[in-house]
Amino acid sequence: MAETESALKIAVLVKHVPDAQFDRHLSGDNNTTDRSESILSELDEYALEAALQLIEARGGEAAGHRVTAVTMGPAGAVNAVKKALQIGAHDGVHLSDEALAGSDASGTSKALAAVVRHLGDVDLVLTGMASTDGETSLVPAQLAEMLGLPQVTFASSLELQQEDGGWRLTARRESDHVAETVESALPAVVSVTDQINEPRYPNFKGIMAAKKKTITTLSLADIGLDASEVGLAGAWTRVNDAQPRPPRSQGVIITDEGDAGIRLVDFLAEQKLL
Amino acid sequence: MATVLVYLDNPGASLHKTDRELLTLAGTLGEPSVALIGELDSAVAAELGAYGVQTVFQPSDSGLADLLVAGKAAFLAAAAEAANAGALLLGNTFEAKEIAARAGVRLESGVITDAVAIAPDFTVTKSVFAGSYTVNAVVTTGRPIITVKSNSIEVADPTEAGTPEVREIDVPAPTAAARITGRSEKTASGRPSLDEARIVVAGGRGVDGDFSPVEDLADALGGAVGASRAATDAGWIDHSAQIGQTGKTVSPQLYVSAGISGAIQQKAGMQTAKVIVAVNKDPDAPVFEIADFGVVGDLATVLPQATEEIRKRKG
């Protein structure tokens, strides 16, 4: 079957985000995200794993299939791509330009859409369900709209079939009340949940192999975008001010001596929560 | 006054609490109109009229609802133009955020998610980084498109009597869209949904496979059941119950955390709750740092005792 299938080109969007294990900060006059102490967004690992599984089921790189890890951001952001290459992506792209600083969801989507167009012939753009910093979940949908592509978000399973010379995907999505089966032609933008798979860890072989893989650095000029379209200048939203939330103070802590359930209800009654 | 267009999906036979919150908010910001993709029930129409809704926009082609997000976004953008809306309000579900996102591109308008308040000048208050900052943000380009968290707005009693005008608008179905080909409803639990619940009782690793004490307390309080990632990963409860950074974010009046240590990812999902109650065997569990009332004890005895006491007091 493999010889009759056309080669798949998958772009996985990865993001370098502040490590959520630590306190995270906004910085500077424009209240942008402080990206020191950053890592590959955990939720992007599921997208990368999904991409690798899709191509491995079809003969992998040897059959001409390719997974490209794409990121945008300052110099440090390339670490997200490096990690993706260690895990198994075949090559990487880093969109790096000072003018990108402070991009909101629309600017980020605009820039990533231009990178995807620049790559050419991408069959599938895979992303995580959200970034673990902005947490808005806006980018996959905006990217799809900008590229004029179908989107399938929050996929908890993903299958591809070759049909009439093109690829067709079937995905499953679940919400509180309903489980859906969704179908789409490729190319498409797909985001996956943390239920879709168990991401692999980079092993020694992967880490060594990654050193030989190519990371292409692109500027805005390379992808045909003007600085005014992205970053703070091109943002459609602005954060006017940010206040650290006053820390929650610890309340009453009791140790159960047989009546804690009743004392808990007394507390709820005091708070008029019954 | 500007028209504030509220997106409603498919309320069925009566409005949901979140719908009423959006309509209340729209009424404080301008003249409310509604973009409704589903059927308009006559009782819903009357209720919309009572909230002062002038016009209900509906798509002339009902097939849009089978297209994943793209069709709904195309409709919302068309309705915003037909209404000459000054701003758009949506709920804060994952789907509503995506509809807002795509409509934002179509309307070249900024989108702000997770709003907890909107000032008359459309400055949005929201929290970021899991509640560690409160920010004020504005849309600088286009019509503000804002998704609003549940339980942020006190629902006003509808006062006006009136019947909204229904306007059908033609929306060409986007060709590049995924299609929903199968749908199975999950069994309704009879409990409020996590998104809308005023009270949430959540269980974690400490429930050790048995969610019944958590469910019983939730039912006694009329609340929803939530879970930590450890509990959903263990398969003790459906994944859709997951609260936290990779699950749902809730801001209820009361959050009861049972057998959850309260690692930062869990806190991310609930630390904007008004009152937090925690029950955990481990006195060093981080959740106690943010609890208004904490019990160091075994949830398997503390929760049933509380449930029984609530039932007794409620008679």
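Description of the structure in this document. (Residues numbered from 1 in each chain as written. Chains lettered and ligands numbered in written order. Predicted model: local features only at pLDDT ≥ 70, side-chain atom pairs only at ≥ 80, totals over all residues. Heavy atoms only, no water.)

## Regarding the overall build of chain B
Applicable threshold: Each helix corresponds to a stretch of at least 4 residues labelled H or I by DSSP, and each strand to a stretch of at least 2 residues labelled E; elements are numbered beginning at the N terminus. Exposure categories follow from relative accessible area, calculated using a 1.4 Å probe and restricted to protein chains: below 20% of the type maximum is buried, above 50% is exposed, and the middle band is partly exposed. Pairs of residues are marked as contacts when any of their non-hydrogen atoms sit within 4.5 Å. Using the Shrake-Rupley algorithm and a 1.4 Å probe, accessible areas are obtained, with residue cover drawn only from the displayed protein chains.
From N to C terminus, chain B includes eight helices and 15 strands. Once the C-alpha set of chain B is aligned to its principal axes, its extents read approximately 60 × 45 × 40 Å. Buried residues in chain B amount to 60% of all 315 residues. A separation threshold of at least 6 residues defines the contact pool for chain B, and within that pool the share at least 24 residues apart is 65%. With the model as given, the accessible surface of chain B reaches about 11,700 Å², and the carbon-plus-sulfur share is 46%.

## Focus: the nonpolar core
For clarity, the threshold we go by: Put simply, a nonpolar core is a bunch of buried Ala, Val, Leu, Ile, Met, Phe, Trp, Tyr and Cys residues held in one set by side-chain atoms that sit within 4.5 Å of each other.
One finds A:Ile10, A:Leu126, A:Leu169, A:Val190 and A:Val192 to be the most contacted residues of the largest nonpolar core, which totals 106 residues. Residues A:Leu273, B:Leu217, B:Ala220 and B:Val295 belong to the second largest nonpolar core, which totals 34 residues.

## Overview of the pattern of salt bridges
Side-chain pairing between opposite charges can occur once the charged atoms of the two side chains come close. As a reminder of what qualifies: We define a salt bridge as a side-chain nitrogen of Lys or Arg found within 4 Å of a carboxyl oxygen belonging to Asp or Glu.
Applying the stated rule across the entire model yields 23 salt bridges over all chains. Note that A:Arg173 is salt-bridged to A:Glu180, the shortest N-O span being 3.1 Å. For A:Glu180, a relative accessible area of 8% gives the class buried. We note a salt bridge from A:Glu180 to B:Arg183, for which the minimum N-O separation is 3.6 Å. Of this pair, A:Glu180 sits in strand S11 (residues 178-185) while B:Arg183 is found in strand S10 (residues 179-185), placing the two residues in two different chains. Salt bridges here are not isolated pairs; linked through shared partners, they connect A:Glu42, A:Asp194, B:Arg229 and B:Asp233.

## Looking at the pairing of strand S9 (residues 151-163) of chain A
All names here are of chain A. Put simply, the rule reads: By definition, two strands form a pair when at least two bridges between them are found by DSSP.
Both S9 and strand S12 (residues 188-192) contribute to a ladder of three bridges, which runs parallel. Bridging from a neighbouring strand, Ala155 pairs with Val192 of S12. With antiparallel pairing between neighbouring strands as the criterion, S9 and strand S10 (residues 166-174) make up a hairpin whose turn holds two residues, including Asp164 at a positive phi of roughly 50°.

## Description of the sheet that holds strand S7 (residues 91-95) of chain A
Heads up, the condition is: A fitted line through C-alpha atoms serves as each axis, taken over the contacting stretch for helices, and the angle formed by two N-to-C directions is quoted from 0 to 180°.
Spatially, the 10 strands line up as an open sheet ordered S13(A)-S7(A)-S6(A)-S1(A)-S8(A)-S12(A)-S9(A)-S10(A)-S11(A)-S10(B), and their pairing is mixed. Two strands in the sheet have a free side with no partner beyond their single neighbour: strand S13 (215-218) of chain A together with S10 of chain B. Ignoring which end each strand starts from, the neighbouring axes of this sheet average 25° apart. Pairing of S7(A) with S13(A) involves four bridges; the strand directions are parallel. Looking at S13(A), one finds that A:Val93 is bridged to A:Thr216. Strand contacts of helix H4 (residues 94-106) of chain B: S9 and S10 of chain A, with the helix running at about 75° to S9(A), the strand carrying the most contacts.

## Considerations on the packing of aromatic side chains
Here is the rule: Pairing of aromatic side chains here covers Phe, Tyr and the six-membered ring of Trp, requires ring centres within 6.5 Å, and sorts the geometry by plane angle: under 30 degrees stacked, over 60 edge-to-face, intermediate tilted.
In total, this model carries two aromatic pairs over all chains according to the counting rule given. Centroid distance A:Phe154 to B:Phe94: 4.4 Å. Interplanar angle 35°. Geometry classified as tilted. Pair noted here: A:Phe154 is in strand S9 and B:Phe94 is in helix H4, and the two residues belong to different chains. With a relative accessible area of 29%, B:Phe94 lands in the partly exposed category. Where A:Phe267 meets B:Phe293, the ring centres are 4.8 Å apart and the plane angle is 20°; that geometry is what we call stacked. On the criterion of chain membership, the pair formed by A:Phe267 in helix H7 (residues 260-270) and B:Phe293 in strand S15 (residues 293-296) is interchain, its members lying in two chains. No difference in accessibility class separates A:Phe267 from B:Phe293, as the two residues are buried.

## Quick word on the sheet that holds strand S14 (residues 275-280) of chain B
Sheet strands line up and pair through hydrogen bonds in the backbone, either parallel or antiparallel. Strand order in the open sheet formed by six strands is S15(A)-S15(B)-S14(B)-S13(B)-S11(B)-S12(B), with parallel pairing between adjacent strands. Of all strands in the sheet, those with a lone pairing partner are strand S15 (252-255) of chain A together with strand S12 (224-227) of chain B, marking the two edges. For this sheet the average axis-to-axis angle between neighbouring strands, irrespective of direction, equals 15°. Direction of pairing for strand S11 (residues 199-203) of chain B relative to S12(B): parallel, over a ladder of four bridges. Of the residues in S12(B), the one forming a bridge with B:Gly203 is B:Ala227. Sheet strands touched by helix H5 (residues 212-221) of chain B: S11, S12 and strand S13 (254-258) of chain B. Its angle to S11(B), the strand with the most contacts, is close to 175°. Lying on the sheet, helix H8 (residues 299-314) of chain B is in contact with S13, S14 and S15 of chain B; it crosses S14(B) at an angle near 135°.

## Section: unusual backbone geometry
Cis geometry is adopted by the peptide bond preceding A:Pro187, which originates at A:Leu186 and carries an omega value of 0°. With respect to the helices and strands, the residue A:Pro187 is situated in the loop between S11 and S12. A positive phi angle, close to 45°, is found at B:Glu108, a residue other than glycine. With respect to the element layout, B:Glu108 can be found in the loop between H4 and strand S5 (111-118). Look at B:Glu108 and you get exposed, because its relative accessible area is 52%. In the Ramachandran plot, B:Asn151 falls in the positive-phi region, its phi being about 65° despite a non-glycine side chain. By the element assignment, B:Asn151 lies in the loop between strand S8 (145-148) and strand S9 (165-169). Given a relative accessible area of 18%, B:Asn151 falls into the buried group.

## Digging into the side chain of A:Glu145
Positionally, A:Glu145 belongs in helix H4 (residues 139-147). Among all residues touching A:Glu145, those that are not within four sequence positions of it are B:Arg102, B:Val105 and B:Arg106.

## Some details on H8(B)
Defined as follows: In this scheme, a helix's expected span is set at 1.5 Å multiplied by one less than its residue total. Taken from the helix axis, the directions to the C-beta atoms give the arc we talk about. Here a polar contact is taken to be a pair of N or O atoms separated by no more than 3.5 Å, where protein atoms must pair a possible hydrogen donor with a possible acceptor and residues adjacent in sequence count only if both atoms sit in side chains.
Over its 16 residues, H8(B) extends 22 Å from the first C-alpha to the last, a length consistent with the 22 Å expected when each residue adds 1.5 Å. Within H8(B), burial applies to B:Leu299, B:Val302, B:Leu303, B:Ala306, B:Thr307, B:Glu309 and B:Ile310. Burial along H8(B) is one-sided: seen end-on, the buried residues are contained in an arc of 165°. For H8(B), the exposed residues lying more than 90 degrees away from the buried face are B:Glu308 and B:Lys312. In this structure, the buried side of H8(B) is in contact with H7 of chain A together with H5, S13, S14 and S15 of chain B. Two or three places before B:Ala300, at the opening of H8(B), B:Asp298 has a side-chain oxygen 2.9 Å from that residue's backbone nitrogen. Positive phi appears at B:Gly315, one or two residues downstream of H8(B), with a value of about 70°.

## Some details on the packing of H5(B) against H8(B)
Residue and element names in this part refer to chain B. Note the following rule: Oblique is the label for every angle not falling under 35 degrees (roughly parallel), over 145 degrees (roughly antiparallel), or within 65 to 115 degrees (roughly perpendicular). Each crossing is labelled by how the near helix is turned from the far one, with a counterclockwise turn of less than a right angle marking it left-handed and a clockwise turn marking it right-handed. Asp, Glu, Lys and Arg are counted as charged, while Ala, Val, Leu, Ile, Met, Phe, Trp, Tyr, Cys and Pro are counted as nonpolar; the rest, among them Gly, fall into the polar class.
For the pair H5 and H8, interaxial distance at closest approach is 9 Å and the crossing angle is 20°. When the axis of H5 is compared with that of H8, the two are roughly parallel. Pair H5 / H8 crosses with left-handed handedness. Mapping the contact onto sequence places Pro213, Val214, Asp216, Leu217, Asp219, Ala220 and Leu221 in H5 and Leu299, Leu303, Pro304, Ala306, Thr307, Ile310, Arg311 and Lys314 in H8. Residue composition of the contact of H5 with H8, by class: 10 nonpolar, one polar and four charged.

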